[in-house]
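These are the residues of each chain, in order.
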There are 4 protein chains.
Amino acid sequence: MSSQIGNKLKVSVFGESHGTAIGAVIDGFPAGVKIDTDQLLAFMKRRTPGRDKTATPRKEDDLPTILSGVLDDVTCGTPIAAQIANKDQHSKDYKNVAAVARPGHADYTGFVRYGGHNDVRGGGHFSARLTAPLVFAGGLCLQYLAQRGIYIGAHLASVADQKDASYDSVDLTAEALLAPGKKNFPVIDDESESRMRDVIEAARLDADSVGGVVEVGVIGLPAGIGSPIFDTIEGRLAYGYYGIPAVKGVEFGAGFDVSLMRGSENNDEFYMAEDGSVKTRTNNHGGVLGGISSGMPVTARLAFKPTPSIGKPQKSIDYRKNEDANMGVKGRHDPCVAVRAVPVVEAVTAIIIMDMLLEQEGR
Amino acid sequence: MSSQIGNKLKVSVFGESHGTAIGAVIDGFPAGVKIDTDQLLAFMKRRTPGRDKTATPRKEDDLPTILSGVLDDVTCGTPIAAQIANKDQHSKDYKNVAAVARPGHADYTGFVRYGGHNDVRGGGHFSARLTAPLVFAGGLCLQYLAQRGIYIGAHLASVADQKDASYDSVDLTAEALLAPGKKNFPVIDDESESRMRDVIEAARLDADSVGGVVEVGVIGLPAGIGSPIFDTIEGRLAYGYYGIPAVKGVEFGAGFDVSLMRGSENNDEFYMAEDGSVKTRTNNHGGVLGGISSGMPVTARLAFKPTPSIGKPQKSIDYRKNEDANMGVKGRHDPCVAVRAVPVVEAVTAIIIMDMLLEQEGR
Amino acid sequence: MSSQIGNKLKVSVFGESHGTAIGAVIDGFPAGVKIDTDQLLAFMKRRTPGRDKTATPRKEDDLPTILSGVLDDVTCGTPIAAQIANKDQHSKDYKNVAAVARPGHADYTGFVRYGGHNDVRGGGHFSARLTAPLVFAGGLCLQYLAQRGIYIGAHLASVADQKDASYDSVDLTAEALLAPGKKNFPVIDDESESRMRDVIEAARLDADSVGGVVEVGVIGLPAGIGSPIFDTIEGRLAYGYYGIPAVKGVEFGAGFDVSLMRGSENNDEFYMAEDGSVKTRTNNHGGVLGGISSGMPVTARLAFKPTPSIGKPQKSIDYRKNEDANMGVKGRHDPCVAVRAVPVVEAVTAIIIMDMLLEQEGR
Amino acid sequence: MSSQIGNKLKVSVFGESHGTAIGAVIDGFPAGVKIDTDQLLAFMKRRTPGRDKTATPRKEDDLPTILSGVLDDVTCGTPIAAQIANKDQHSKDYKNVAAVARPGHADYTGFVRYGGHNDVRGGGHFSARLTAPLVFAGGLCLQYLAQRGIYIGAHLASVADQKDASYDSVDLTAEALLAPGKKNFPVIDDESESRMRDVIEAARLDADSVGGVVEVGVIGLPAGIGSPIFDTIEGRLAYGYYGIPAVKGVEFGAGFDVSLMRGSENNDEFYMAEDGSVKTRTNNHGGVLGGISSGMPVTARLAFKPTPSIGKPQKSIDYRKNEDANMGVKGRHDPCVAVRAVPVVEAVTAIIIMDMLLEQEGR
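Residues numbered from 1 in each chain as written. Chains lettered and ligands numbered in written order. Predicted model: local features only at pLDDT ≥ 70, side-chain atom pairs only at ≥ 80, totals over all residues. Heavy atoms only, no water.

Caption draft 1: How the structure looks around the overall build of chain A. Helices and strands together make up the secondary structure of chain A, namely eight helices and 18 strands. Computed over its C-alpha atoms, the radius of gyration of chain A comes to 21 Å, within 12% of the 21 Å expected for a compact globule of 363 residues. Seen along its three principal axes, the alpha-carbon backbone of chain A occupies a region of about 65 × 50 × 40 Å. Every one of the 363 residues in chain A was classed for burial, and the buried ones make up 69%. (Helix = DSSP H or I, 4+ residues; strand = E, 2+ residues; numbered from the N terminus. Rg over C-alpha atoms; globule rule 2.2 N^0.38 Å. Buried < 20%, exposed > 50% of the residue type's maximum accessible area, 1.4 Å probe, protein only.)

What follows is the structure in structure tokens.
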């Protein structure tokens, strides 16, 4: 029951959308790791709204202030704390939903969970804004992992019914993995960008929203990481993924399609590669067998629901008065949260993979 | 990194398929709970092979011996330990795979993970046999939860491309939820049984295997359980689900379908029910919003891959010699593990829901 | 391996003495608790140097800025983060110990632990300054516990060989418990103040330091809190106490004296009190039996070593060059850290007792 | 709240004194460690009553049956479970204390904690018998640590007012450390044995009991293990030590004596030893500075109260009827539990030190 994840590398997140600041504390990050601050900020900017026209016009700087744990751009080994000040909050926009439960949001469940005391302005602690400190923490982890030859990347696999190409999960290079993140719109196949932007724009004009799927990959993870019952790679990653707002499904490798395959189809045949490493000819197992990494690329797909905040009028309840109520929303929202979620998925993956690596292999 | 799950209610699992015994230790189970031993054994029998002709002919009694924590069928509050002796092991069957990595199994990954020292006979600690103590522990939890008005049930949503009906996630009664578990074949719609048995038999005759999907539901869970970032209901359940062998995908509510919906479709409208409770007219959110229970039925679907052990010859590697090798398997295996997994899914759900409930609401 | 404590109520501490800020994140603090900010600041001031002439002249404001989790002085239930800016750092004072291990300090061990990358200025993360955020967190917990009728207080049991009176552990009133904290010098018997101040002053004039013992008490804790093997009240408290700098011994009830008693002396006889509660006539058990609270006052004593920083020249080593070296210290230090530690001991006690209470009894 | 300790190496204990069996599950023990079974049994025998005339005549075999995790005397890396059957229980002896709270015992507190449902026969889960599985687990850890050049030993520092010699904490050899454990009576100075036996016998004839102090040492632990705030070596060890029945005080290095020293006395001067290692000329810090190991021997002392079970009549209460009651005890008890606790202290030390080592240094 907490806003924290991790065993050896613990990441705590704090903050409310309209509070003083949001931030994170990272405990257990190894000492002596050189941090590239420009690279970190560039990574964080991939999440920032206002940068791409599909996103919400709320401008947030999201520049983190590091309070501890880093000296002259090198980690000390002691807890790293960072905060991001909250600015540019149109509190007025949320006045009319003070006690009306926005459908699809956590207004009602948060009210019950916190006995009505949680800060609801802008979604409070439930706001997608809280992914900013996650991306900060994940950005540090990505840099550490890269120094160990482990790379993580993600792309928009689909928006509504518009699909991107997929990663080649058998032979996934760092270049292919990281290419989408370098673009303005995180896709493999540039041709899919306009198709996706079109469905998003159509939804926006309709005062509605669309969902999407993000595919993520990890390469360079050595075999043997993870444990069966219950510390599987999939279980640890899924636990983190469901902490990202709007995620309703997580699958690994061939995912739900495995239920439609014969064993002879789904089994990935082992062979000895020329460089002496163990590989498989196909990768339906998504790099994980018995919960443990096999050395093949780890791949997963996350399903994001369409953002619940839409412009259409909806019926709901007033959860303080316990009566039916109508609602409309005047705020400014993403018609498709999956787009901005791509770096968040990379960040969460990095935090968890780094934790598992440190747990098993030490520094 | 462990074979344990839970915070307040901790369940540890131990044992190898061909070792002396397998078992579990449950720490944190409340004192004073009356256990119905017959009901517990009946629940465990739903998992036991030899009971249904789709399963493996290996006969296991799987009767647990309780070593501590229960006195005169009432829990003491101290750790409950139970062991299940291993019998009827055809060790000879596994001799020819001593160092050949069975495709789709954890032979290779387990070898790396444990430095070659793990007991591989019968799959060792990775064997699906280890779901027996899970079902024991979950059986106790199911009884406790039922005493609190919370019910959990599951069914075979599909086997290969053969589908069962689905739960009515808006108006799910205990009767409908638990009905499949009372049958020989765990389905809602009896008509689907023969269709499913046919595809399983076809696979068996083909020395192959098929996958499936299990749908699980929870009713009676009060609103307000769970926390955002990261202690969500979905995250906690998914973490446990991926500890069940063969799971490759987990989705909640409308699951991956949410990525294809508009927000206006996916949002579930709140309303005040006649009994004064808060309900939603649809339940795409699967009973969880912002990671917290809403009071509506919690529903999830788990994708099971086809069992990797098949009769067809396959190519692989010898992981001790680091060279290619051929393999066949003479053992006796389930052509569809999803069937026997149904009570396991219920058990794991119960363990986790009970843990979250105890964490937040105490006894 | 972390700067965090707690299971349900988690307190994380971050910061270096000369870094940007120090602070804490408290996760799991119940929602809806009204905080008295004046009382909180008054409690924190008890720790602040510059307030009492026995302490170091370094003036720190130590006023916390709350970043999240509290709205209009009422807790939200979401993580509470607070930071305290660092000012008034005489970095020059520490230049001559850049790589010389100050005896009795963690310079050498910290160097090994963090591979030489930790910030050593002012003691870095090891500085007693890090007790400020602990006192902030503990201050909140003290207020919550008081609202539940549980009170915690401490006093200077001794400084060097000068003793204060002890708490009456059988019949300890809130008034007696809290009285020392209201004074300038935290003692029960005012007469002991001048004796203690004299030995401290003598040490200061001698460029030396003295140690002390702090006695702490908890009243109002209901019986039944804690668990045997290993979650005992003593174990949980001791784990926290040894996180306070300079603690080298912790005992409960009659403490080490029990080793000199006969069983007939040490056993505390139970009886039914007039109000129907269970009490004991003596309290050698210090309110804890079998690791579980009995309802009698919980008492403990912590031994504080004399502050290692002294004005006398000492021999040591240069841990970067691996050679012997001489050192002197020009900094400004407490000749007796036990004095300022009294509110820290109360704070840590409150954090842990509150955690154990929330774990077992919920909100 | 559990009968479990550890982060990476988790040890769970289960069982009641008069239940079916007691035992432990060890999760996280590295694979490939060769276990010397004879040495393990010899270590466990040091705890077994009936072996030395100062102890209780209740004969227990205490031979463990390993259920999993070890194959051909080599650890698999998967959870190691072991059980010890309970025999030779004189249940009749405890009938007259069915609901009378034995002074100094956990009868009353356990009753409250478990709502009256815990098995009280023979002390149930609170019985000192539960130290048997701890000694099993610790025995495995001692062997692992010895393979890494880390040795742990303990001796009876005192029984009542009779003292043994102390360890030389500056220059502690493995031979000196382990010598007491090889004797029938665990002391350094053989001359102290008869003095101690005399006071124990005097107490026994008096139907009374005496307390004692156990001193433990660890050598070979590399510097840099542990973390400040809160994962100190002292905090982690103390947490474990208070899980041993009858412990009421724990101190490290010079312990409570530090409160009587000047800083100039207490500070241990660093110097470069001839072999290039960093040492201190004295060892008041007990091998731990800032919570982190310095490389010098780690020393601690634990105070054990006199066993509460005595033959003298005592007054008490009936906790079910809530009224005063008289009691006598007819059972057979140790007049001094500190004697048998010596191997338990070594075991618990080993479990915790091994956990901290694995956490920081991996395999």
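Caption draft 2: Expanded view of a negative patch on the surface. All names here are of chain A. A contiguous patch of negative charge on the surface is contributed by Asp36, Asp38, Asp72 and Asp73. In this fold, Asp72 is placed in the loop between strand 5 (70-71) and strand 6 (74-75). Looking at Asp72, the relative accessible area reads 69%, which means it is exposed. (Patch = residues over 30% accessible without salt bridge, like charges linked within 9 Å, V, L, I, M, F, W, Y side chains within 5 Å. Areas by Shrake-Rupley, 256 points an atom, 1.4 Å probe, with all protein chains shown as cover. Salt bridge = Lys/Arg side-chain N within 4 Å of Asp/Glu carboxyl O. Lys, Arg positive; Asp, Glu negative; His and termini not counted. Charge placed at Lys NZ, Arg CZ, Asp CG, Glu CD.)

Caption draft 3: Region of interest: the interface of chain B and chain A. Each side of the interface is counted separately: chain B has 100 residues, and chain A has 101 residues. Taken together, the two surfaces of chain B and chain A that pack against each other cover about 7,900 Å², and 64% of this comes from carbon and sulfur. A per-residue breakdown of the area chain B buries against chain A is headed by Ile229(B), Phe230(B) and Lys248(B), which together make up 11% of the total. Counting across the interface, chain B meets chain A through six salt bridges. The interface formed by chain B and chain A contains 37 residue pairs in polar contact (both at pLDDT 80 or more). The residue makeup of the side of chain B that touches chain A, split by class, is 45 nonpolar, 35 polar and 20 charged. Sheet analysis places strand 11 (residues 247-252) of chain A next to strand 11 (residues 247-252) of chain B, joined by three bridges and oriented antiparallel. Counterpart to Glu251(A) in the pairing with strand 11 of chain B is Gly249(B). (Contact = heavy atoms within 4.5 Å. Buried area = accessible area lost by both parts, 1.4 Å probe. Polar contact = N/O pair within 3.5 Å; in protein donor to acceptor, adjacent residues only side chain to side chain. Nonpolar A, V, L, I, M, F, W, Y, C, P; charged D, E, K, R; others polar. Pairing = 2+ DSSP bridges.)

Caption draft 4: Molecular detail of the nonpolar core. Among the nonpolar cores identified, the biggest contains 159 residues, and Tyr241(A), Phe304(A) and Tyr241(B) are the most heavily contacted of them. Looking at which element gives the most residues to this core, the answer is helix 8 (residues 337-361) of chain A, with 17 residues. Aside from chain neighbours lying at most four places away, what touches Tyr241(B) is Val216(B), Val247(B), Val250(B), Phe252(B), Ala300(B), Leu302(B), Val345(B), Val348(B) and Thr349(B). In terms of nonpolar packing, the next biggest core, distinct from the first, is built from 158 residues, Ala160(C), Ile225(C), Ile5(D) and Val135(D) among them. (Core = buried A, V, L, I, M, F, W, Y, C linked by side-chain atoms within 4.5 Å.)

Geometric values such as these leave the question of function open.
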